[in-house]
Amino acid sequence: MPDLLIELFSEEIPARMQKRAGEDLQKLVTNGLVEAGLTYASAAAFTTPRRLTLTVEGLLDQSPTTREERKGPKADAPEKAIEGFLRGAGLTRDQVETRETPKGNILFAVIEKPGRPAAEIIAEVLTHTIRTFPWPKSMRWGAGSLKWVRPLHSILCILTDEAGAQVVPGEVDGITFGDTTEGHRFMAPGRFSVTSFEDYGTKLKRAHVVLDASERAEAIWHDATNAAFASGLEVVEDKGLLSEVAGLVEWPVVLMGKIGDDFLDLPPEVLQTSMKEHQKFFSVKNPKTGRIERFITVANRETADNGATILAGNEKVLSARLADAKFFWENDLRTVRDVGLEGMAKPLADVTFHNKLGSQAERVARIEALARELAPMVGAKPDLAAEAARIVKADLASEMVYEFPELQGIMGRYYAEAAGHDDGVPEACEEHYSPLGPSDDVPTAPVSVAVALADKLDTLTGFWVIDEKPTGSKDPFALRRAALGTIRLVLENDLTLKISDTVFEHGKKFGASEAKDRIKAEASRLRREHADARDRDSEEMDEAVRAAGAAMFNVDEASLDLLAFFHDRLKVYLRDQGIRHDIIDACIAMEGNDDLTLLVKRAKALSETLKTDDGENLIQGFKRANNILTQAEEADGVEYSYGADVKFAEEPQETALFEALDAAEAKITPAMEAQDFASAMHAMATLRTPIDAFFEAVQINADNQTVRRNRLNLLSRIRTLCLSVADLTKLEG
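To start, this report covers the structure provided alongside it. (Residues numbered from 1 in each chain as written. Predicted model: local features only at pLDDT ≥ 70, side-chain atom pairs only at ≥ 80, totals over all residues. Heavy atoms only, no water.)

### Considering the overall build of the protein chain
Secondary structure summary: the protein chain contains 24 helices and 18 strands in total. Taken over C-alpha atoms, the radius of gyration comes to 37 Å for the protein chain, far larger than the 27 Å a tight globule of 733 residues would show. Dimensions of the protein chain, computed from the C-alpha atoms along their principal axes, are close to 100 × 100 × 75 Å. The buried share of the protein chain, taken over its 733 residues, is 48%. For the protein chain, the computed accessible surface area is about 36200 Å², with 49% contributed by carbon and sulfur atoms. Within the protein chain, the 121 negative side-chain charges are centred at a point lying 3 Å from the centre of the 88 positive side-chain charges. (Helix = DSSP H or I, 4+ residues; strand = E, 2+ residues; numbered from the N terminus. Rg over C-alpha atoms; globule rule 2.2 N^0.38 Å. Buried < 20%, exposed > 50% of the residue type's maximum accessible area, 1.4 Å probe, protein only. Areas by Shrake-Rupley, 256 points an atom, 1.4 Å probe, with all protein chains shown as cover. Lys, Arg positive; Asp, Glu negative; His and termini not counted. Charge placed at Lys NZ, Arg CZ, Asp CG, Glu CD.)

Rendered as structure tokens:
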């Protein structure tokens, strides 16, 4: 079985596109080969800045012969029907068979397709792949029609087996398939031929090209950390930057440079961000002081002066960049000293947050009010929470954040410290955006938690009131992320927070504002259009007030709908922790489902109970009792929910079930009041054995109607007691 090697050699491919391009090349080619009948043993893709490479091992040397049988119309069918069948099969009348069947003589076509050589199929698949490749952005060059991310120079495509290597015949837009490639642009110019993937990798490395991106990244990190360690320093880890830099070079050469003394006192995050965003430099810090003191750059070649010229140029460019950052920093500090953070934040009154939700300054006022209300629930002082809320967005008006938006929050902490704020307020400025993702740490300091919750709940409430909710895959305002962040803040800080009540009360601020705006706009319109019709003005103003009242009513609807959205996000969050969606549904159906902490405790306790034999079997017993009871109630037209009495018990198993229910209820009721769901679930699970014994020994539909009613009421006790813990009817299976 031959092996296939493909290389698409071009000008530099943007680093951010390389990984996806390698995956697309592998998927498109291998899928095309398999669809054409060529199976294979394994495949792997590799990328460098100038090439996409695919190796496919254990490929069939030709596609198998296929035989297809098609049933057609009757032999005496109308001529047009027969002609259509023959045309679809690609056969003539004398090439089809007539067979006797119970439905008469039927035409059958037997179509044999002989196998095709692998090279022929590969050429077709590769040509189609190149012409339809899904680059995010592509270009044309020269006089050809081919579109590629950058000008495509050569196509290597060879099949290798025991007899040697052969070039797959083919061409795309004047580029003929061949068996040659190029090494490093500067260190090994010129083309060379290859005979296999192993030969290809060896010769590339000899020509100063490391084919595997993960190998380049590993080499960069190894050399960078060693260089830093030799100077008593350490490299700040940044996996995203490492992956990007590995996509910028084919032969990585690590160099460590110095940062000018004038810039060493800048906040480390400023240095790190500036060097990463503008220069793709790694930051090197002093572990004793935490200061960023040096940088690591990765060159794409070795030089006679060991990189001295490259470093000198990089240090010069970096100094210019950092001079700008220093200017922004000093200007911002001057503003903070002169007018404080609230003064810095004044321009936010002219910055629109959303055209239906007002300015950033109006949003800050709402966050302040909500943070003050939430503070006692999270153990924060209301005045401190309000103080933090007033300034958490101030850095959005700073020059530094204007230049580096990714530093918002971080710079807020520095400016708050410079302005003399303390007691957790500076930390809240940085942490109130968190958590942004599933791997982010969740704030635990009370002031930070209060402001972070207020920020997210204000966003969610506002967009729900104006009916700008996520739809399908679209979520332009990151509302799913805000909801998941709220859930994590509540759960991981073990907070008791009534989501729907909080949202409703806060939503009234939006409703009141919308109502006021509607009345104001309507009054203005009436003054313009009906200045002389005062009676009509009065009637239409009444209608405007009613419309404004409807806006207030929509707040109630929005709070309920938003709670449902939280429940959906909670399902995603708990699913990742191994809790089934039906278990969550069983708990959401219970009273108090707007207390997320309570809801999760109940769901986790039920999940653990269902992992036991007693718990799982109890559910089956409950469902049996519920089904029998439901059918009896429908048939009899009455509700069996009261009056079960042990004195009517005829069987010992019946008496035992009465006793078990009494004992379980004595434990479940106080446990539920204490929100001790684990104890309540455990007590419920103890009913498994007596319920099983009851159903094995007792006939529910006894001839004696008094006994029958008593037993149905006993089943009602089972249902009522179990449903007091969770809505077990929601459970699957």
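### Examining the packing of helix H7 (residues 268-279) against helix H12 (residues 410-418)
Contact pair H7 / H12: the axes reach a minimum separation of 10 Å and the direction vectors enclose 150 degrees. With respect to each other, H7 and H12 are oriented roughly antiparallel. In this structure, H7 meets H12 at a crossing whose hand is left-handed. Seen from H7, the contacting residues are Pro268, Glu269 and Val270; seen from H12, they are Ile410, Met411, Arg413 and Tyr414. Across the contact of H7 with H12, the residue classes break down as five nonpolar, no polar and two charged. (Axes fitted to C-alpha atoms, helices over the stretch in contact; angles between N-to-C directions. Parallel < 35°, antiparallel > 145°, perpendicular 65-115°, else oblique. Left-handed = near helix turned anticlockwise from the far one by under 90°. Contact = heavy atoms within 4.5 Å. Nonpolar A, V, L, I, M, F, W, Y, C, P; charged D, E, K, R; others polar.)

### Quick look at the packing of aromatic side chains
For the coordinates displayed, the defined rule picks out 13 aromatic pairs. For the pair Phe327 and Phe328, a centre-to-centre distance of 6.1 Å together with 65 degrees between the ring planes defines the contact as edge-to-face. For Phe328, a relative accessible area of 15% puts it in the buried group. Each member of the aromatic cluster is reached from another via a ring pair, and the members are Phe46, Phe197 and Tyr200. (Phe/Tyr/Trp six-rings, centres within 6.5 Å; stacked < 30°, edge-to-face > 60°.)

### Overview of the layout of surface pockets
The space that makes up the largest pocket amounts to roughly 780 Å³. Around the largest pocket, the lining comprises 25 residues; the ones closest to its centre are Gln408, Tyr433, Leu436, Asp455 and Arg481. Residue contributions to the lining of the largest pocket peak at four residues, all from helix H14 (residues 446-465). In terms of residue class, the lining of the largest pocket is built from 12 nonpolar, five polar and eight charged. (1 Å grid on protein atoms, 1.4 Å probe; cavity = no way out; pocket = protein on both sides within 12 Å on 5 of 7 lines; lining within 4 Å. Points joined across faces, edges and corners; volume = space filled by probe spheres on them.)

### Structural notes on helix H24 (residues 705-723)
One turn of an α-helix holds 3.6 residues; hence residues three or four places apart share an orientation. For H24, built from 19 residues, the straight-helix expectation of 27 Å at 1.5 Å per residue is met to within 8% by its first-to-last C-alpha distance of 27 Å. Two or three places before Thr706, at the start of H24, stands the capping residue Asn704, its side-chain oxygen 2.9 Å from that residue's backbone nitrogen. (Expected span 1.5 Å × (residues − 1). Polar contact = N/O pair within 3.5 Å; in protein donor to acceptor, adjacent residues only side chain to side chain.)

### Digging into the pattern of salt bridges
Tallying each qualifying case throughout the model produces 46 salt bridges. For the salt bridge of Asp24 with Arg20, the shortest nitrogen-to-oxygen distance reads 3.2 Å. One end of the pair, Asp24, and the other, Arg20, are both in helix H1 (residues 15-35), four residues apart, so they sit about a helical turn from each other. Ionic pairing is found between Glu182 and Arg191, a salt bridge with its closest N-O pair at 3.1 Å. Three or more residues are tied together by salt bridges with common partners; here these are Arg363, Arg366, Lys393, Asp455 and Asp458. (Salt bridge = Lys/Arg side-chain N within 4 Å of Asp/Glu carboxyl O.)

### Examining helix H9 (residues 360-378)
Between the first and last C-alpha of H9 there are 25 Å, a value that for 19 residues agrees with the 27 Å anticipated at 1.5 Å per step. If you check which residues of H9 are buried, you get Gln360, Arg363, Val364, Arg366, Ile367, Leu370, Ala371, Leu374, Ala375 and Val378. At the exit of H9 stands Gly379, carrying a positive phi of roughly 85 degrees.

### Section: the sheet that holds strand S16 (residues 292-299)
What the four strands build is an open sheet, ordered S13-S15-S16-S14; its pairing is antiparallel. Pairing within the sheet leaves two strands with one partner each, and these edge strands are strand S13 (234-235) and strand S14 (253-258). Two elements, strand S15 (residues 282-285) and S16, share four bridges in a ladder whose sense is antiparallel. For Phe282, the partnering residue across the bridge sits in S16 and is Ile296. Against the sheet, H7 makes contact with S15 and S16, and its axis sits at roughly 15 degrees relative to S16, the strand it touches most. (Pairing = 2+ DSSP bridges.)

### Focus: the state of the cysteines
Under the defined criterion, the tally for this structure stands at zero disulfides. The closest cysteine sulfur to the non-disulfide-bonded Cys722 is located on Cys587, 14 Å from its own sulfur. (Disulfide = S-S within 2.5 Å.)

### Focus: the nonpolar core
One finds Ile259 and Leu606 to be the most contacted residues of the largest nonpolar core, which totals 140 residues. No other element matches the 12 residues that H14 contributes to this core. Those residues in contact with Ile259 that lie beyond four places of it in its chain are Leu264, Leu271, Met275, Ile292, Glu293, Arg294, Phe295, Leu318 and Leu322. The next biggest cluster of nonpolar side chains, apart from the first, holds 35 residues, and it includes Leu54, Leu152, Leu159 and Val172. (Core = buried A, V, L, I, M, F, W, Y, C linked by side-chain atoms within 4.5 Å.)

### Looking at the pairing of strand S1 (residues 3-10)
Each regular strand shows side chains that alternate between the opposite faces of the sheet. For S1, the buried fraction is high: seven of the eight residues fall into the buried class. The sheet contact formed by S1 and strand S7 (residues 152-161) spans eight bridges and is antiparallel. In the strand pairing of S7, Leu8 is matched with Ile155. Bridge analysis of S1 against strand S3 (residues 51-57) gives six bridges, and the strand direction is antiparallel. If you follow Phe9 over to S3, its bridge partner there is Arg51.

### What about the environment of Glu659?
The topology assignment puts Glu659 in helix H21 (residues 652-673). Given the relative accessible area of 53%, Glu659 is considered exposed. In sequence terms Glu659 and Leu322 are 337 residues apart; their C-alpha atoms lie 79 Å from each other.

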